[in-house]
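# Descriptive analysis of the structure
Chain by chain, the residues run as shown.
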Amino acid sequence: MTLFPTPTPTLPPVRGRLTLDRPLAELTWLRVGGPADALFQPADLEDLRDFLAALDPAIAVFPMGVGSNLIVRDGGLHAVVIRLGRGFNGIEIGAGTVTAGAAALDAHVARKAAEAGLDLTFLRTIPGSIGGALRMNAGCYGSYVADHFLSAEAVLRDGARVTLTRDDIHFQYRQTDLPEGAVVTSVTFRAEPGEPAALAARMEEQLAKRDATQPTKERSAGSTFRNPAGFSSTGRADDVHDLKAWKLIDEAGMRGARRGGAQMSEKHSNFLLNAGGATAADLEGLGEEVRKRVFQESGIELVWEIMRVGEPAADDKPE
C-alpha cells in the first residue's frame, strides 16, 4: 500500500512529533533500512487515538518498538510508523499483577517486578519493549508472555480503545494474532510471588549465561530463526537440542558465513550480525542463503523470527 499518492494528503494535526520521510536505520538494533514515509511519536493516549481516528483509512500504519527484532529494507517503509515513548512506559505493581506500558523495556519490567517480590524474571534477558514482547509472544528459559498474560490495552486502526483478553489473542510460538493496525499501549501480567533477593540472583545468573553464549556485544537482532522444535531453549541441563535452529545451521556449515557486511555469528550461529557496513539486503540475503542451505542439508525450512518490512532498494528489485 502506498502511503502518499499524488497529491500528497494532509496528515492530521498532532500534539506529539510527526516527521515526514524519517530515516529508520538509527532506530533499529541492526542499524539498516530506508526511511518511513512518516514517523509519529504521540504525546499521550488521546493524541494517538485522535490521530488514528482522523487518518485516511487507506494509509497503512506500522507500530514499532525499539527495533530489536526488525529489518527495515533499504527502500524504506510506505507507512506511518508509530513509535511510543514517554507516557507509554509506566510500570504499575498490583496484587500479583504487573501492568507495563508498551514502551517499557522488558528488562526494566523484570527488575521492577522483582524488587516488588513478583516473578517476571523470564523478561530480563529478552531484548526490546513490552509491546513487541506481546506481539512476538516472547520467551526464554521455558516461559513465554502467554504464560503470564492477563490483558492488554490497545488502540485500533480507527482510533477505538479496546481491552484485549486471552480470547482475543491467539498465542503461538513466537507470534500472536493481534488486530491489523492495532497499537498496543499496555500489557497486564500475572506474576507469582518470590523473594526479591532470590529473583535478583536468578536474573544475574541468566544474564551471565546469555553473555557467555550469545554475541551480546555485537550488533544483532537476537535469534534470527524460530526453532523448528517449536519452543525456545529452557536453559536447563536436560535441554534437548534436536531441531534447534543453531544446530541445523551448524550442520549446514553456515556458522560464521558472510555476505557483504552481514555475518552469522561465530559465537551463536542463529544470530545474524551487522559486522560492519551491512545493508538490509546483505542481512536478508544471508538469511535466505542460510535457509536454503539448511533445507538442502536437512529438508527443514527455517522460519524467520526477525520481522522484515518495507521495500528493497531500487537497484535490488527484480527487473
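Residues numbered from 1 in each chain as written. Predicted model: local features only at pLDDT ≥ 70, side-chain atom pairs only at ≥ 80, totals over all residues. Heavy atoms only, no water.

### Looking at helix 5 (residues 196-213)
Residues spaced three or four apart along an α-helix point in a common direction, a consequence of the helix completing one turn every 3.6 residues. The first and last C-alpha atoms of helix 5 sit 26 Å apart over 18 residues, in line with the 26 Å expected at 1.5 Å per residue. Of the positions making up helix 5, those classed as buried are Leu199, Met203, Gln206 and Leu207. All buried residues of helix 5 lie within an arc of 100° about the axis, which places them on one face of the element. Residues of helix 5 that are exposed and point over 90 degrees away from its buried face: Ala197, Glu204, Glu205 and Ala212. For helix 5, the N-terminal capping position is held by glutamate 195, with its side-chain oxygen 3.0 Å away from the main-chain nitrogen of alanine 197. (Helix = DSSP H or I, 4+ residues; strand = E, 2+ residues; numbered from the N terminus. Expected span 1.5 Å × (residues − 1). Buried < 20%, exposed > 50% of the residue type's maximum accessible area, 1.4 Å probe, protein only. Arc of directions from axis to C-beta. Polar contact = N/O pair within 3.5 Å; in protein donor to acceptor, adjacent residues only side chain to side chain.)

### Regarding the nonpolar core
In this structure, Val80, Ile82, Leu120, Leu134 and Val145 are the most contacted members of the largest nonpolar core, which totals 50 residues. Beyond its immediate stretch of four places on either side in the chain, valine 145 contacts Phe122, Ala133, Leu134, Asn137, Ala138, Phe171 and Phe189. Counting 23 residues, the second-largest nonpolar core is a separate cluster that includes Met254, Ala262, Leu286 and Val290. (Core = buried A, V, L, I, M, F, W, Y, C linked by side-chain atoms within 4.5 Å. Contact = heavy atoms within 4.5 Å.)

### Comments concerning the environment of glutamate 153
Mapped onto the secondary structure, glutamate 153 falls in strand 11 (residues 149-155). Between the C-alpha atom of glutamate 153 and that of alanine 262, which follows or precedes it by 109 residues, the distance is 37 Å. Excluding its chain neighbours within four sequence positions, the residues that come into contact with glutamate 153 are Arg161, Val162, Thr163, Val183, Val184, Thr185 and Ser186. A polar side-chain atom of glutamate 153 sits 2.8 Å from a polar atom in the side chain of threonine 163.

### As for the sheet that holds strand 6 (residues 91-93)
Taken in spatial order, the 5 strands line up as 6-7-13-11-12 in an open sheet, and their pairing is antiparallel. One side of each edge strand has no neighbouring strand; the edge strands of this open sheet are strand 6 and strand 12 (161-164). Across the sheet, the mean angle from the axis of one strand to that of its neighbour is 15°, orientation sign disregarded. As paired elements, strand 11 and strand 12 share 4 bridges and run antiparallel to each other. By the bridge assignment, alanine 152 is partnered in strand 12 with leucine 164. (Pairing = 2+ DSSP bridges. Axes fitted to C-alpha atoms, helices over the stretch in contact; angles between N-to-C directions.)

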